[in-house]
Amino acid sequence: MSSLHKSRIADFQDVLKEPSIALEKLRELSFSGIPCEGGLRCLCWKILLNYLPLERASWTSILAKQRELYAQFLREMIIQPGIAKANIGASREDVTFEDHPLNPSPDSRWNTYFRDNEVLLQIDKDVRRLCPDISFFQRATEYPCLLILDPQNEFETLRKRVEQTTLKSQTVARNRSGVTNMSSPHKSTAPQALSEYQVLPNGCEAHWEVVERILFIYAKLNPGIAYVQGMNEIVGPLYYTFATDPSSEWKEHAEADTFFCFTNLMAEIRDNFIKSLDDSQCGITYKMEKVYSTLKDKDSELYLKLQEQNIRPQFFAFRWLTLLLSQEFLLPDVIRIWDSLFADGNRFDFLLLVCCAMLILIREQLLEGDFTVNMRLLQDYPITDVCQILQKAKELQDSK
């Protein structure tokens, strides 16, 4: 470990040990990348995403409260209507003469259950293929959810619910702005067919199942947006970062912590997922056009070339912006980019500059290429040196 890296770790530790965290100083440090040693990134992300307050003294009580709240969500939203709970002394009040699977009432618990299944099946399809370039999400977690998996309770895991359902999943993906695929070409191939995934024994669950539970609960609590394809790519890096924390105390609660950090993050970027807001000033169309207007200001020749070829930002920037570049780079690089994005005091204005920098860094290829070649470049971005991209974006920011 270099002396410079040791110095950076010490700088973070100095900021984080203060009774009141200096947010601007933390942002300044985090913007240039957060060391992974000692769980620094996990802690910094939780502060930058407003999960942990700046006052250290309140962390213990707030974490206990939030984690108990998440346990309550599990109890209320994961259990199938009609499952017997005799072992814990509950009666069968959830199944009555008035409320049965064929009850046509829209308020029926069974109707709700069947509607939820449509969302669940789409989530299940997406999370099973999460980050196919690494094996992490297919491996068993060290901390399975005992509340759900306890054999003393006749609770149903979401995996079992998917296996047992006969409903057909309706796609939740939206054909918006000419975009039909949220997956990057170099990330779209899963390592093996779903039927070939190793089935974990009873009492165990894979990391993708934890992500599935987080997304399902989020969809239940946010019916206005529910689940949109691509949200799994937002949860993935968050959960991976928290679930690989070197501290077992933090790692044990990775699911609950991820849920609340994801919820806070979605509160800031959810407008990108809402079709009715596409053309508003807070919608995704405005942000895509902002990338092009910035490019026009910084590199008019390249801007005019893309305009001449009728390459609209919807063809590539939709995915870049909506998924925070999580499909354009491998997971370690995505995590490094997110250090800077979460530290951005202007909340994702820097993301627009990163996208612009990505265009400028391949300007020579784009200027020489035809429509087909350029579309292939933009939809399967060739540069993997994210530090180069971030440095260029910082130069664009400083030149304003």
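Let me begin by describing the structure that accompanies this report. A quick note: this is a predicted structure, and the numbers were derived from the prediction, not measured.

**Concerning the environment of Met358**
In this structure, Met358 sits in helix H16 (residues 349–361). A relative accessible area of 0% places Met358 in the buried class. In the structure, Met358 is positioned 20 residues away from Leu378 in sequence and 9.1 Å away in space, judged by C-alpha atoms. When sequence neighbours within four positions are dropped, the list of residues in contact with Met358 reads Trp320, Leu325, Phe329, Tyr381 and Ile389.

**Looking at the layout of surface pockets**
Estimated volume of the largest pocket: approximately 510 Å³. Tyr143, Pro144, Glu252, His253 and Glu255 are, among the 27 residues lining the largest pocket, the residues nearest its centre. Counting residues per element, the ones that place at least two in the lining of the largest pocket are helix H4 (59–77), helix H6 (146–149), helix H8 (207–221), helix H9 (231–243) and helix H11 (254–269). Looking at the lining of the largest pocket element by element, the count peaks at four residues for H4. Here the lining of the largest pocket is built from residues that sort into 15 nonpolar, four polar and eight charged.

**Details of the side chain of Gln327**
Looking at where Gln327 falls in the secondary structure, it is placed in the loop between helix H14 (317–322) and helix H15 (331–343). For Gln327, a relative accessible area of 3% puts it in the buried group. Side-chain polar atoms of Gln327 contact the side chain of Glu233, separated by 3.1 Å.

Here is what the cut-offs are and how they apply
- Sequence order as written defines the numbering, with residues in each chain counted from 1.
- Totals for whole chains, interfaces and linings use all residues, but because this is a predicted model, local features are given only for residues with pLDDT of at least 70 and pairs of side-chain atoms are given and counted only at 80 or more.
- Water and hydrogen atoms play no part in the side-chain values, which are based on all heavy atoms of the structure.
- Put simply, DSSP H or I for four residues or longer makes a helix, DSSP E for two residues or longer makes a strand, and each gets a number counted from the N terminus.
- Each residue is assigned to one of three classes by its accessible area relative to the maximum for its type, calculated with a 1.4 Å probe on protein chains only: buried under 20%, partly exposed between the two thresholds, exposed over 50%.
- Contacts between residues were defined by any pair of non-hydrogen atoms, one from each residue, lying within 4.5 Å.
- Grid points spaced at 1 Å over the protein atoms alone were grouped into cavities, where a 1.4 Å probe fits but cannot get out, and pockets, open sets with protein on both sides within 12 Å along at least five of seven lines, with lining residues defined by an atom within 4 Å of a point.
- Grid points are joined across faces, edges and corners, and a volume is the space filled by probe spheres set on the points.
- Residue type decides the class: Asp, Glu, Lys and Arg count as charged, Ala, Val, Leu, Ile, Met, Phe, Trp, Tyr, Cys and Pro as nonpolar, and the leftover types, Gly among them, as polar.
- Whenever a nitrogen or oxygen atom comes within 3.5 Å of another N or O atom, the pair is scored as a polar contact, on the condition that within protein one atom can donate a hydrogen and the other can accept it, and that pairs from neighbouring residues in sequence are kept only if both atoms are in side chains.

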